[in-house]
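Chain by chain, the residues run as shown.
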Amino acid sequence: MNEVTQIHLGRQAFTISVGAHQALRAYLDAIVKVVSDQSVAEEVELRMAELLSEHGISGEKVILPADVDFLKEQLGDPRDFKDDNPTLDDEEAEVDEPTRNKRLFRDTDNAQLAGVAAGIGRYLGVDAVLVRIGFILLVFAGGWGILLYLVLWLTIPAAKTASDRLKMDGKPVNIGSLREVAERADVKGAAQRANATLAGPINGLLRTVIKIIGFTFVLAGLFGLFGLLLTAVYLALDSHQVLDSSLFPIGITEHLLLYSALLTAGLLSLFIVLFGMAIFRHKWPLGGLITGLLVGLIFINLAVGGALAGDAAPHIRDRYNANTHSVSYTMPAFSKIDTNENRGFVIINYQAGSNYSVRYQYYGNPDLSNIKTTVKDGTLTIDTRNFDNTRHCDSFCLPNTYNMQITVTAPNMSDIENINFKPAENPPPDAPDSPFAPKLQTN
Amino acid sequence: MNETSDDNSLITQSETQMRKGMLVYCVLLLLKDGKVYTSEIIRSLRQAQLIVVEGTLYPLLNRLAKDNVLVYEWQESEQGPPRKYYWLTDDGQALLIELRSNYRKLHASINALEKGAHHE
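About the thresholds
- Residues numbered from 1 in each chain as written.
- Chains lettered and ligands numbered in written order.
- Predicted model: local features only at pLDDT ≥ 70, side-chain atom pairs only at ≥ 80, totals over all residues.
- Helix = DSSP H or I, 4+ residues; strand = E, 2+ residues; numbered from the N terminus.
- Buried ≥ 20, exposed ≤ 12 C-beta atoms within 10 Å, placed from the backbone.
- Contact = placed C-beta atoms within 7 Å.
- Pairing = 2+ DSSP bridges.
- Axes fitted to C-alpha atoms, helices over the stretch in contact; angles between N-to-C directions.
- Parallel < 35°, antiparallel > 145°, perpendicular 65-115°, else oblique.
- Left-handed = near helix turned anticlockwise from the far one by under 90°.
- Nonpolar A, V, L, I, M, F, W, Y, C, P; charged D, E, K, R; others polar.
- pLDDT = per-residue confidence, 0-100.
- Core = buried A, V, L, I, M, F, W, Y, C linked by C-beta atoms within 7 Å.
- Expected span 1.5 Å × (residues − 1).
- Bend = angle between axes of the 7 residues up to and from the residue.

## A look at the overall build of chain A
A count of helical and extended segments in chain A gives 12 helices and 10 strands. Residue burial in chain A is summarised as follows: out of 443 residues, 22% are buried. When contacts within chain A are restricted to residue pairs at least 6 apart in sequence, long-range pairs at least 24 apart make up 69% of them.

Below, the structure written as structure tokens:
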């Protein structure tokens, strides 16, 4: 009675006594003889496994003849399995597989990253490597590949179960095919453990490229976060310096706008870091809820920022206009121009006009006395070497410059030597048409 | 049909036939609200004392699927073997409505007969 053997019932392994085995075998054979359909026999086998488990038989516990009797009692006489009313219309038997069409899943088994390319390749019936090359080309085409991949990653579900994997290939989901997939997965897992470099050289190269991309993302995101942190700290310590100086008039809207922009940029940097980590780990590092909350926060921030910007823009424009001045000097006639200007913040334009004049157009109130404008022996000299374009500030100063536009006018520009005369491309500033156009003041 | 059954009395035979006749209607009723898997169907039918052994059910479900009354899908379960979920097709819904009216007519006829028998 101690003699036992191993059997498989519906994919599960059981230990069974020899006597019980014979009884079970005979019972199953009798059922198979009665039912015409193999799938019914397989289903009965599955049900037997389930009943035995419910009956408390699993693991090391041995199936005894009494348990087989229990099965018979539950399932009934083999004759009960006989179908009294055979199918009315055999041609309709085709309909018994509801899933004939392929479904798009992320093929995580063959993934280099998240299985998006492998899944699309399977769905379209092309090699995944081609899809990957497509994605990489799109990355070079302005980075769209990354965004597209990210969106697809988030929207396409992963093939988690064996039935998902069957649907991915458009194969019918039945007990036989499910078993096949499970066995294949086992074989594949074992093969991967034995030899981790099964993939071809292109995939190996891709993996390296992906690792490098991931590393770059993490690094870039961290740099971004660090920079934003510094900015935030600086703003907190010395906000007047920044907000009072340049285009930002002090106001609650502008303050909030700045912080909102910082927060948005910080969250985006965080996502860049997370994306890089995801590339490394082949898995999005956060849970769905937290990711959703972060994405929601970004959108709320963008909405708030947009509203604030709409409110702040007129203030900023008014301030810019109010602080833009110009001053003109009428000069004696000159036929040569000598400028030593090579600093970027002073831009010299030349234009034809009714008289000889020089006009300075500037933002803020810089000290103009440092600019020397003279005409001597028919030569106009504009010397901006001593012009100080930085704002005077008490403590640590951000680079804070005043832009200066100098317009030189002469009745006949083509007579003037030593300049790179370009006909004025912009309309004369006397006729402002942009909101930022300066208000003309003439001395 | 069950000529060689252990208990071949007229009562048992008649009862078995009655149950068998109602079985399709009962299965459709169980599935009318959505997907149910085989063991669940068995459990419900057994609780309602409509079947004694499961054997009769497998060929029935199989045939109903072939006749396009039901469709099924295998789904993996978290524990144990995969489960076969059945649900009604449009044909199945139509059949259910038809069987329901048939059953009510039968019920009414039998009621009438019973009342007639009492009056006598």
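Having put the structure on the table, let's press on.
## Details of the overall build of chain B
Along its length, chain B carries four helices and three strands. Counting only contacts in chain B whose residues sit at least 6 apart along the sequence, the fraction spanning at least 24 positions is 45%.

## Some details on the pairing of strand 2 (residues 12-17) of chain A
All names here are of chain A. Strand direction decides the pairing type here: strand 1 (residues 4-9) and strand 2, joined by six bridges, are antiparallel. Residue pairing across strands places His-8 opposite Ala-13, the latter belonging to strand 2. Count of turn residues in the strand 1/strand 2 antiparallel hairpin: two residues, of which Gly-10 carries a positive phi of about 50°.

## Points about the packing of helix 2 (residues 38-54) of chain A against helix 3 (residues 57-66) of chain B
Where helix 2 of chain A meets helix 3 of chain B, the axes come as close as 10 Å, and the angle between the chain directions of the two elements is 135°. It follows that helix 2 of chain A is oblique to helix 3 of chain B by the angle criterion. Where helix 2 of chain A crosses over helix 3 of chain B, the handedness of that crossing is right-handed. Along its contact with helix 2 of chain A, which presents Val-40, Glu-43 and Val-44 of chain A, the element helix 3 of chain B presents Tyr-58, Pro-59 and Asn-62 of chain B. Of the residues belonging to the contact of helix 2 of chain A with helix 3 of chain B, the class tally is four nonpolar, one polar and one charged.

## So, the confidence of the model for chain A
Residue and element names in this part refer to chain A. The share of residues in chain A with pLDDT of 70 or more is 73%, and the mean pLDDT across the chain is 74. Throughout residues 193-199 the model reports pLDDT below 50, and contacts reaching past four residues in sequence, or to other chains, amount to four contacts. Low pLDDT, under 50, characterises residues 393-397; the predicted model gives this stretch four contacts beyond four residues in sequence or across chains.

## With respect to the sheet that holds strand 9 (residues 379-383) of chain A
Residue and element names in this part refer to chain A. If you trace the three strands from one edge of the open sheet to the other, you get 5-9-8, paired in mixed fashion. The strands lining the two open edges of the sheet, one partner per strand, are strand 5 (336-339) and strand 8 (372-376). Going across the sheet, the axis of each strand differs from the next one's by a mean of 15°, ignoring polarity. Of the pairings in the sheet, the one linking strand 8 to strand 9 comprises five bridges and is antiparallel in character. Pairing of Lys-376 across the sheet is with Thr-379, part of strand 9.

## Section: the nonpolar core
Counting 40 residues, the largest nonpolar core has Met-48 of chain A together with Leu-57, Leu-61 and Leu-70 of chain B as its most contacted members. With seven residues, the top contributor of residues to this core is helix 2 of chain A. Not counting residues within four places of it along the chain, the set of residues in contact with Met-48 of chain A comprises Leu-9, Gly-10 and Leu-71 of chain A. With 14 residues, the next largest nonpolar core counts Ala-117, Ala-118, Phe-275 and Ala-278 of chain A among its residues.

## A few points about helix 1 (residues 10-31) of chain B
All names here are of chain B. Counted at 1.5 Å a residue, the expected span for helix 1 with its 22 residues is 32 Å, and the 32 Å between its end C-alpha atoms agrees. Maximum bend of helix 1: about 45°, positioned at Leu-23. Within helix 1, burial applies to Val-27, Leu-28 and Leu-31.

## Notes on helix 11 (residues 252-281) of chain A
Residues and elements named next belong to chain A. If you check helix 11, its first and last C-alpha atoms are 43 Å apart, about what 30 residues at 1.5 Å a residue would give, namely 44 Å. For helix 11, the complete set of buried residues consists of Glu-254, Leu-257, Leu-258, Ser-260, Ser-269, Ile-272, Phe-275, Gly-276, Ala-278 and Ile-279. Backbone geometry just after helix 11 places His-282 at a positive phi near 60°.

## Details of the packing of helix 2 of chain A against helix 3 (residues 65-75) of chain A
Residue and element names in this part refer to chain A. Viewed as axis vectors pointing N to C, helix 2 and helix 3 meet at an angle of 120°, and their least axial separation amounts to 11 Å. Classed by the angle they form, the pair helix 2 and helix 3 counts as oblique. The handedness of the crossing between helix 2 and helix 3 comes out as right-handed. The segment helix 2 lies against helix 3, with Val-44, Met-48, Leu-51 and Leu-52 engaging Asp-67, Leu-71, Gln-74 and Leu-75.

## A word on the sheet that holds strand 10 (residues 404-410) of chain A
All names here are of chain A. Read from one edge to the other, the open sheet built from four strands follows the order 4-7-10-6, with strand pairing classed as mixed. In this open sheet, the two strands that pair with only one neighbour each are strand 4 (324-330) and strand 6 (346-352). Each adjacent strand pair in this sheet contributes to an overall mean axis angle of 20°, direction not counted. The sheet contact formed by strand 7 (residues 357-363) and strand 10 spans six bridges and is antiparallel. If you follow Gln-361 over to strand 10, its bridge partner there is Gln-405.

## What to know about unusual backbone geometry
Of note in this structure, Asp-377 of chain A is not a glycine but carries a positive phi near 55°. Along the chain, Asp-377 of chain A turns up in the loop between strand 8 and strand 9. Under the C-beta neighbour-count criterion, Asp-377 of chain A is labelled exposed, with 7 such atoms within 10 Å. Residues other than glycine seldom take positive phi values, yet Gln-49 of chain B does so here, at roughly 55°. Following the sequence through the fold, Gln-49 of chain B ends up in the loop between helix 2 (38-47) and helix 3.

## Side note on the environment of Ser-39 of chain B
You can see Ser-39 of chain B is positioned in helix 2. Residues Ser-39 of chain B and Arg-83 of chain B lie 44 residues apart in sequence; the distance between their C-alpha atoms is 8.3 Å. For Ser-39 of chain B, the residues in contact, after removing those within four places along its chain, are Arg-47 and Glu-50 of chain A.

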